[in-house]
Amino acid sequence: MTLILRILLLNLLWVSSLQAAWNPLKQKTDEVSGARHATMLAVEKFKAIPELAIFFEQADGYAVFPNVAKGGFGVGGAVGKGQVFQQGLLVGSTSLKQLSIGFQLGGQAFSEIIFFKSASDTERFMEGNFEFGAQASAVLIKQGVSVDSAYSDGTAVFTIARGGLMYEASVGGQKFSFVPIGPIEVEVLD
């Protein structure tokens, strides 16, 4: 009988410790903290590209997507979550969705940054209905190219491949959403 009581007591203690360990508020805080850390790591990678230094200096704001996952087989799509900065302050979170149609096969992951030339360009993005059409493309600027010529309709887009293999000749567009959370001062990683 005492053995059964001990087993029941141990089970009760084990179950209560599981319930005590689960804290949805802490889980949400950890997720936000992890997302912010991933974003800052991506920003540092983009800042390491000398040709982008002028964008960080002169742009009114930028949206950073540390990990965009893309895949397709005839019809493709991509998704990613990121954060938006304006004048050096974190002002919100954003999500990216992409749909493409055409010859495509495979999957890949990449980081993406979108620079906004002026305050009105940043505000247009933060309205929450921002889209890139099929003609928009992300490229790395060659040294010596004018910053103004790199912007298209007030935005400049750059990507860094993270991995994967994808063959693609397709048309599609990206759509973004925005949720304000700031402004919050964020430390840049060393």
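Colleague: In this structure, what is going on with the overall build of the protein? I would like to understand it.
Modeller: A tally of helices and strands in the protein yields 5 helices and 4 strands. Reading the helices (α) and strands (β) of the protein from amino to carboxyl end gives α-α-α-β-β-α-β-α-β. The buried share of the protein, reckoned over its 190 residues, is 34%. Only carbon and sulfur atoms are counted for the fraction: they give 61% of the accessible area of the protein, which is about 11600 Å².

Colleague: Looking at this model, I keep getting lost on the packing of aromatic side chains. Mind explaining?
Modeller: Aromatic ring pairs are described here by two measures, namely the spacing of the ring centres and the angle between the planes. Tallying each qualifying case throughout the model produces 14 aromatic pairs. Ring centres of Phe 56 and Phe 115 lie 5.0 Å apart, and the angle between their planes is 90 degrees; this geometry places the pair in the edge-to-face category. Here Phe 56 is found in helix H3 (residues 53-58), whereas its partner Phe 115 is found in strand E2 (residues 89-116), with 59 residues between them in sequence. In this pair, the class of Phe 56 matches that of Phe 115, namely buried.

Colleague: How do you make sense of the pattern of salt bridges when you look at a structure like this?
Modeller: Pairs can form between side chains of opposite charge whenever their charged atoms are close. Across all of its chains, the model carries 2 salt bridges by this definition. Residues Asp 121 and Arg 124 are paired through a salt bridge, measuring 3.5 Å at the closest nitrogen-oxygen approach. Note that Asp 121 and Arg 124 are positioned in helix H4 (residues 119-126) at a spacing of 3 residues, about one turn of the helix. A relative accessible area of 27% means that Arg 124 is categorised as partly exposed. Three or more residues are tied together by salt bridges with common partners; here these are Asp 121, Arg 124 and Asp 153.

Analysis parameters
- Residues numbered from 1 in each chain as written.
- Predicted model: local features only at pLDDT ≥ 70, side-chain atom pairs only at ≥ 80, totals over all residues.
- Heavy atoms only, no water.
- Helix = DSSP H or I, 4+ residues; strand = E, 2+ residues; numbered from the N terminus.
- Buried < 20%, exposed > 50% of the residue type's maximum accessible area, 1.4 Å probe, protein only.
- Areas by Shrake-Rupley, 256 points an atom, 1.4 Å probe, with all protein chains shown as cover.
- Phe/Tyr/Trp six-rings, centres within 6.5 Å; stacked < 30°, edge-to-face > 60°.
- Salt bridge = Lys/Arg side-chain N within 4 Å of Asp/Glu carboxyl O.

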